[in-house]
Amino acid sequence: MTLWQLLLHLFSFVLPALVMATFMPLAGRWVMGPAAQPVRRRMAVHAVGGVLMLAGGLWLHGQDGKMSTYIALVLVAATLEWLLHRGWARQ
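Residues numbered from 1 in each chain as written. Predicted model: local features only at pLDDT ≥ 70, side-chain atom pairs only at ≥ 80, totals over all residues. Heavy atoms only, no water.

S.K.: Which residues make up the overall build of the chain, and what values go with them?
M.R.: When you go through the chain residue by residue, the secondary structure sums to three helices and zero strands. Referenced to the eigenvectors of the C-alpha coordinate spread, the extents of the chain come out at roughly 50 × 25 × 15 Å. A sequence separation of at least 24 residues applies to 65% of the contacts in the chain between residues at least 6 apart. (Helix = DSSP H or I, 4+ residues; strand = E, 2+ residues; numbered from the N terminus. Contact = heavy atoms within 4.5 Å.)

As structure tokens, this is what we get:
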């Protein structure tokens, strides 16, 4: 495997997490209103949490692309957005 192929594989691996990191702060603002943290910080938190979730799914299943990993990615992203919006303090 060449270096270019390795970089493409790594990018394809983290792409779902990066897409979720881009759209979750926008969806969170639409659903829950403005948050206390800036959008870039929320995107960074989602990106790190998503990549860790994908890496955990890869470690658990032994291969990438399992639907249960993607479901867990969505649940982690939604939970992170709720936490970043301080959802427990909302009325």
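From this point on, the discussion continues.
S.K.: An account of the nonpolar core is requested, with residue identities and associated values reported.
M.R.: If you look at the biggest cluster of nonpolar residues, it comprises five residues: Phe13, Val14, Ala17, Leu54 and Leu73. In terms of residue count, the dominant contributor to this core is helix α1 (residues 3-32) (three residues). (Core = buried A, V, L, I, M, F, W, Y, C linked by side-chain atoms within 4.5 Å. Buried < 20%, exposed > 50% of the residue type's maximum accessible area, 1.4 Å probe, protein only.)

S.K.: Just give me the short version of helix α2 (residues 39-61), but keep the residues and values in it.
M.R.: Taking 1.5 Å of rise per residue, 23 residues should cover 33 Å, and α2 covers 32 Å from first to last C-alpha, within 8% of that figure. Looking at α2, one finds that the buried residues are Arg42, His46, Ala47, Gly49, Gly50, Leu54 and Gly57. Those residues of α2 hidden inside the fold are in contact with α1 and α3 (67-84). (Expected span 1.5 Å × (residues − 1).)

S.K.: Give me the packing of α2 against α3: which residues, what numbers.
M.R.: Two elements in contact, α2 and α3, have axes separated by 9 Å at closest approach and are oriented at 150°. Relative to α3, the element α2 is oriented roughly antiparallel. As for the relative orientation of α2 and α3, their crossing is right-handed in sense. Every residue of α3 that contacts α2 at Arg42, Val45, His46, Gly49, Gly50, Met53, Leu54, Gly57 and His61 is listed here: Ser68, Thr69, Tyr70, Ala72, Leu73, Val76, Ala77, Leu80, Glu81 and Leu84. Here the residues of the contact of α2 with α3 sort into ten nonpolar, seven polar and two charged. (Axes fitted to C-alpha atoms, helices over the stretch in contact; angles between N-to-C directions. Parallel < 35°, antiparallel > 145°, perpendicular 65-115°, else oblique. Left-handed = near helix turned anticlockwise from the far one by under 90°. Nonpolar A, V, L, I, M, F, W, Y, C, P; charged D, E, K, R; others polar.)

S.K.: Go over the confidence of the model for the chain, please, and point to the residues and values.
M.R.: Here the chain averages 89 in pLDDT, and 98% of its residues register 70 or above. Ranking the elements of the chain by mean pLDDT puts α1 last, at 90, and α2 first, at 93. (pLDDT = per-residue confidence, 0-100.)

S.K.: Can you break down the side chain of Thr69 residue by residue, with the values?
M.R.: Along the chain, Thr69 turns up in helix α3. Taking the relative accessible area as the measure of exposure, Thr69 reaches 5% and is therefore buried. Setting aside its immediate chain neighbours within four residues, Thr69 contacts Met53, Leu54, Gly57 and His61.

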